[in-house]
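Overview (structure and organization)
Chain residues, written in single-letter form:
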Amino acid sequence: QVQLVESGGGLVQPGGSLRLSCAASGSIFSVNAFGWYRQAPGKQREFVAVITNMGSTNYADSVKGRFTISRDNAKKTVYLQMNSLKPEDTAVYYCNKVPTPGYWGQGTQVTVSS
């Protein structure tokens, strides 16, 4: 089974930055594409960013230019660097395999507030 553990969330002021990590185990990490998703209170889970096994990336329009997804195959970890954070970025952030997700984990809470 693939297990993914998100970390790095917290409380940050508008305009600030956070770096989220997604640590993977239980699979051959390098052959998978991984994505970041988020779910705000009262809203559905939405796509944020994806990185393929070849390193290609794509982003939701709402975060393009502010967020950067990356991966370290040696560490079996996917990252999400979030800059210029806005209150509307407040959500629980999850990572999962793309295109077919496994079980959704606990995620990591990101709160952007002054």
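Each remark here, short or long, concerns the structure printed above.
Residues numbered from 1 in each chain as written. Predicted model: local features only at pLDDT ≥ 70, side-chain atom pairs only at ≥ 80, totals over all residues. Heavy atoms only, no water.

1. So, the pattern of salt bridges
We count it as follows: Salt bridges are defined as contacts in which a side-chain nitrogen from Lys or Arg sits within 4 Å of a carboxyl oxygen from Asp or Glu.
Considering all chains together, one arrives at four salt bridges under this definition. The closest approach of N and O atoms between K64 and D61, which form a salt bridge, is 3.3 Å. Each of R38, E46, R66 and D89 takes part in salt bridges that share partners, so that together they form one network.

2. Thoughts on the side chain of R38
What counts here: The numbering of helices and of strands both runs from the N terminus, where a helix is a DSSP run of H or I of at least 4 residues and a strand a run of E of at least 2. Each residue is assigned to one of three classes by its accessible area relative to the maximum for its type, calculated with a 1.4 Å probe on protein chains only: buried under 20%, partly exposed between the two thresholds, exposed over 50%. Pairing of N or O atoms within 3.5 Å defines a polar contact, subject to two protein rules: one partner must be a possible hydrogen donor and the other a possible acceptor, and residues neighboring in sequence count only if both atoms are side-chain atoms. The contact criterion used is simple: two residues touch if any of their non-hydrogen atoms lie within 4.5 Å.
Locating R38 in the fold gives a position in strand β4 (residues 33–39). On the accessibility criterion, R38 (5% relative accessible area) is buried. At 3.4 Å, the side chain of R38 forms a polar contact with the side chain of S62. Of note is the side chain of R38, whose polar atom sits 2.9 Å from the side chain of D89. When sequence neighbours within four positions are dropped, the list of residues in contact with R38 reads Q44, R45, E46, V48, S62, V63, F67, E88, D89, A91, V92 and Y93.

3. Regarding the sheet that holds strand β2 (residues 10–12)
Going by this rule: Two strands are said to pair when DSSP picks up at least two bridges between them. Interaxial angle, 0 to 180 degrees, is taken between N-to-C directions of lines fitted to C-alpha atoms, where a helix line uses only the stretch in contact.
Pairing is mixed in the open sheet, where six strands are placed in the order β2-β10-β9-β4-β5-β6. The sheet is open, and its two edges are formed by β2 and β6 (57–59), each paired on a single side. Between one strand axis and the next, the sheet turns through 25 degrees on average, direction left out of account. Alignment of β4 against strand β5 (residues 46–51), held across five bridges, turns out to be antiparallel. The residue bridging W36 from the neighbouring strand is A49, located in β5.

4. Some words on the sheet that holds strand β7 (residues 67–72)
Sheet architecture is open: four strands sit in the order β1-β3-β8-β7, paired in antiparallel fashion. Of all the strands in the sheet, just β1 (3–7) and β7 have a single pairing partner and so form its edges. Adjacent strand axes in the sheet meet at a mean angle of 15 degrees when their direction is disregarded. Where strand β3 (residues 18–25) meets strand β8 (residues 77–82), six bridges bridge the pair, whose relative direction is antiparallel. Pairing of A23 across the sheet is with T77, part of β8.

5. Examining the state of the cysteines
Going by this rule: Pairs of cysteine sulfur atoms within 2.5 Å are what we label disulfides.
Evaluated as defined, the whole model comprises one disulfide. At a sulfur-sulfur separation of 1.8 Å, the disulfide partner of C22 is C95. One disulfide, between C22 and C95, carries an S-S torsion of 70 degrees and so falls in the right-handed class. Within this pair, whereas C22 is found in strand β3, its partner C95 is found in strand β9 (residues 91–98), the two being separated by 73 residues in sequence. For the pair C22 and C95, a shared accessibility class is recorded, and that class is buried.

Read these as spatial facts, not as claims about activity.
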